[in-house]
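These are the residues of each chain, in order.
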Amino acid sequence: QVQLVEAGGGLVQPGGSLRLSCAASGSIFSINAMSWYRQAPGKQRELVAAITSGGATNYAYSVKGRFTISRDNAKNTVYLQMNGLNPEDTAVYYCNADLRRRSFTPSYPYWGQGTQVTVSS
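Nothing here was measured: the structure is a model prediction, and the numbers come from that model.

Asks: Hey, could you run me through the overall build of the chain in this one?
Replies: Of the regular secondary structure elements, the chain holds zero helices and eleven strands. Mapped in sequence order, the helices and strands of the chain form the string β-β-β-β-β-β-β-β-β-β-β. The C-alpha radius of gyration of the chain comes to 14 Å, within 12% of the 14 Å expected for a compact globule of 121 residues. Across its three principal directions, the C-alpha atoms of the chain cover 50 × 25 × 25 Å. Residue pairs at least 24 apart in sequence account for 55% of intrachain contacts in the chain once pairs closer than 6 positions are excluded. Entry remark: accessible area of the chain is about 6600 Å², with carbon and sulfur atoms responsible for 49%. In the chain, the 11 positive side-chain charges and the 6 negative ones have mean positions that sit 6 Å from each other.

Asks: Would you explain the sheet that holds strand 8 (residues 77-82) in this entry?
Replies: Pairing between the strands of a sheet is mediated by backbone hydrogen bonds and can be parallel or antiparallel. In spatial order, the strands read 1-3-8-7; together these four strands make up an open sheet with antiparallel pairing. This sheet does not close on itself; its edge strands, each paired only once, are strand 1 (2-7) and strand 7 (67-72). Neighbour-to-neighbour, the strand axes of the sheet open up by a mean angle of 15 degrees, direction not taken into account. As judged from the six bridges shared by strand 3 (residues 18-26) and strand 8, these two strands associate in the antiparallel manner. The residue bridging L20 from the neighbouring strand is L80, located in strand 8.

Asks: In this structure, what is going on with the pairing of strand 5 (residues 46-51)? I would like to understand it.
Replies: Successive residues of a regular strand alternate their side chains across the two faces of the sheet. As defined by bridge partners, strand 4 (residues 30-39) adjoins strand 5 across five bridges and the pair is classed as antiparallel. Within strand 5, the position partnered with W36 by the bridge is A49. Count of turn residues in the strand 4/strand 5 antiparallel hairpin: six residues, of which G42 carries a positive phi of about 75 degrees. Bridge count between strand 5 and strand 6 (residues 57-59): three bridges; the pairing is antiparallel.

Asks: Would you explain the packing of aromatic side chains in this entry?
Replies: By the definition in use, this model includes two aromatic pairs. Directly above the aromatic system of Y94 lies the positively charged group of R45, at a separation of 3.8 Å from the ring centroid. Over the ring of W111 we find R45, and its NZ or CZ is 4.9 Å from the ring centre.

Rules and cut-offs
- Residues numbered from 1 in each chain as written.
- Predicted model: local features only at pLDDT ≥ 70, side-chain atom pairs only at ≥ 80, totals over all residues.
- Heavy atoms only, no water.
- Helix = DSSP H or I, 4+ residues; strand = E, 2+ residues; numbered from the N terminus.
- Rg over C-alpha atoms; globule rule 2.2 N^0.38 Å.
- Contact = heavy atoms within 4.5 Å.
- Areas by Shrake-Rupley, 256 points an atom, 1.4 Å probe, with all protein chains shown as cover.
- Lys, Arg positive; Asp, Glu negative; His and termini not counted.
- Charge placed at Lys NZ, Arg CZ, Asp CG, Glu CD.
- Pairing = 2+ DSSP bridges.
- Axes fitted to C-alpha atoms, helices over the stretch in contact; angles between N-to-C directions.
- Phe/Tyr/Trp six-rings, centres within 6.5 Å; stacked < 30°, edge-to-face > 60°.
- Lys NZ or Arg CZ within 6 Å of the ring centre and 35° of its normal.

See below:
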């Protein structure tokens, strides 16, 4: 069984910063990419940032230069540092991990439960 536990969401002022974390635990053989998605009310879920096991990163255009994704492979944890937040960043943020539970089996995407980020004055 695999569990992704997210932390760090909350309420922040415009221009403020927030740091999200997501730790994967359970029966894990290996983790490929880890990523953050977000979904605002009335909108589709969108990719915010992704990072490979080797450290290559990819960002949505709207967050490039403001957000930074990183990971600690020894802890099976991914982070999202969010700076210069604005109201348009308000959404539920979801952690994703593409991982194998056992060798010789395909990888599969696992999701966290989501954490609310609200940017408001």
